[in-house]
Structures are given as C-alpha cells and as structure tokens.
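Coordinates in review
Each chain, letter by letter, is given below.
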Amino acid sequence: MNKEIIKFLRKSHNLNQRDFARIVNCSYALIALVEVGKRRVTEDLEKKVKEAFDLDESQIQSIAAIIKSLGEGIPPFM
C-alpha cells in the first residue's frame with residue numbers, strides 16, 4: 001500500500017483527512033504526512049486501513065491498477 005492508495009480510498013469515500021483518520025483509528029497528522037510523502041505507509045497503518053474498509057490484498061491490487069490507469073490517462077473499467 002502507498003500514499004496514492006490512501007488518498008484514493010479517502011477521496012472515493014468522500015472523506016476529509018480528519019474523518020478518514022478517525023475511521024482508520026490513527027492521527028490526522030499521520031494521514032496528512034503520508035499523503036504528501038513525508039511518512040511511509042507502515043504495516044500497522046496498512047492493517048488498520050484494510051480492516052476499516054474491509055479490503056483484502058486483491059482489492060488493494062485492483063485499486064493500484066486503477067490509479068496506474070488514471071495516471072496513464074486511460075479510463076478505468078467500472
């Protein structure tokens with residue numbers, strides 16, 4: 001999991017950083033720092049995000065593929 005996945009999940013659920021942090025049970029500052037690249041996504045944060053949003057590794061890979069497609073200008077198939 002990386003900062004792009006964190007930001008994608010937050011925005012796709014229409015959450016601000018504070019609400020996302022509250023749901024994930026971590027500090028708002030951590031989410032803010034992760035999103036700007038000043039902190040990395042730790043195993044603990046990844047676990048909390050997966051639990052909070054009921055995600056498995058396959059779903060994380062799918063989100064990563066969508067983000068990659070968006071970065072290449074290719075619309076994702078939904």
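These numbers come from a predicted model, not from an experiment.

**Considering the packing of aromatic side chains**
Two aromatic rings are characterised by how far apart their centres lie and by the angle between their planes. Scanning all chains against the criterion turns up 1 aromatic pair. Between Phe20 and Phe53, the ring centres sit 5.4 Å apart and the planes meet at 20°, which makes this aromatic pair stacked. On the criterion of sequence distance, the pair formed by Phe20 in helix H2 (residues 17-24) and Phe53 in the loop between helix H4 (43-52) and helix H5 (57-71) is long-range, its members being 33 residues apart. Each of the two residues, Phe20 as well as Phe53, counts as buried. Sitting over the ring of Tyr28, Arg18 keeps its end group 4.0 Å from the ring centre.

**Description of the pattern of salt bridges**
Summed over the entire model, instances satisfying the criterion amount to 5 salt bridges. Its salt-bridge partner being Arg22, residue Asp19 comes within 2.7 Å of it at the nearest N-O pair. Note that Asp19 and Arg22 are positioned in helix H2 at a spacing of 3 residues, about one turn of the helix. Using a relative accessible area of 28% as the deciding quantity, one classes Asp19 as partly exposed. The closest approach of N and O atoms between Glu57 and Lys50, which form a salt bridge, is 2.7 Å. Among the residues examined, Glu57 registers a relative accessible area of 39% and is labelled partly exposed. Through salt bridges with shared partners, one network takes in Glu46, Lys50 and Glu57.

**Things to note about the confidence of the model for the protein chain**
Low pLDDT means the predicted coordinates in that region are not meant to be read closely. Scored by pLDDT, the protein chain has a mean of 92; 94% of the residues are at 70 or more. Ranking the elements of the protein chain by mean pLDDT puts H5 last with 91 and H2 first with 98.

How each quantity is defined
- Counting starts from 1 at the beginning of each chain's written sequence and moves along it residue by residue.
- Side-chain atom pairs in this predicted model are given and counted only at pLDDT of 80 or more, local residue features only at pLDDT of at least 70, and totals for whole chains, interfaces and linings cover all residues.
- Note that water and hydrogens are dropped before the side-chain values are worked out from all heavy atoms of the structure.
- The criterion for an aromatic pair is that two Phe, Tyr or Trp rings (for Trp, the six-membered ring) have centres within 6.5 Å, with stacked assigned to planes under 30 degrees apart, edge-to-face to planes over 60 apart and tilted to the rest.
- Per the convention used, a helix needs a DSSP run of H or I reaching at least four residues, while a strand needs a run of E reaching at least two, with both numbered from the N terminus.
- Relative accessibility thresholds used throughout: buried, under 20% of the residue-type maximum; exposed, over 50%; partly exposed, between the two (1.4 Å probe, protein chains only).
- Only Lys NZ and Arg CZ are tested; either one counts as a charge over a ring when it is within 6 Å of the ring centre and within 35 degrees of the ring normal.
- Salt bridges are defined as contacts in which a side-chain nitrogen from Lys or Arg sits within 4 Å of a carboxyl oxygen from Asp or Glu.
- What pLDDT reports is the predictor's confidence in each residue, on a scale of 0 through 100.

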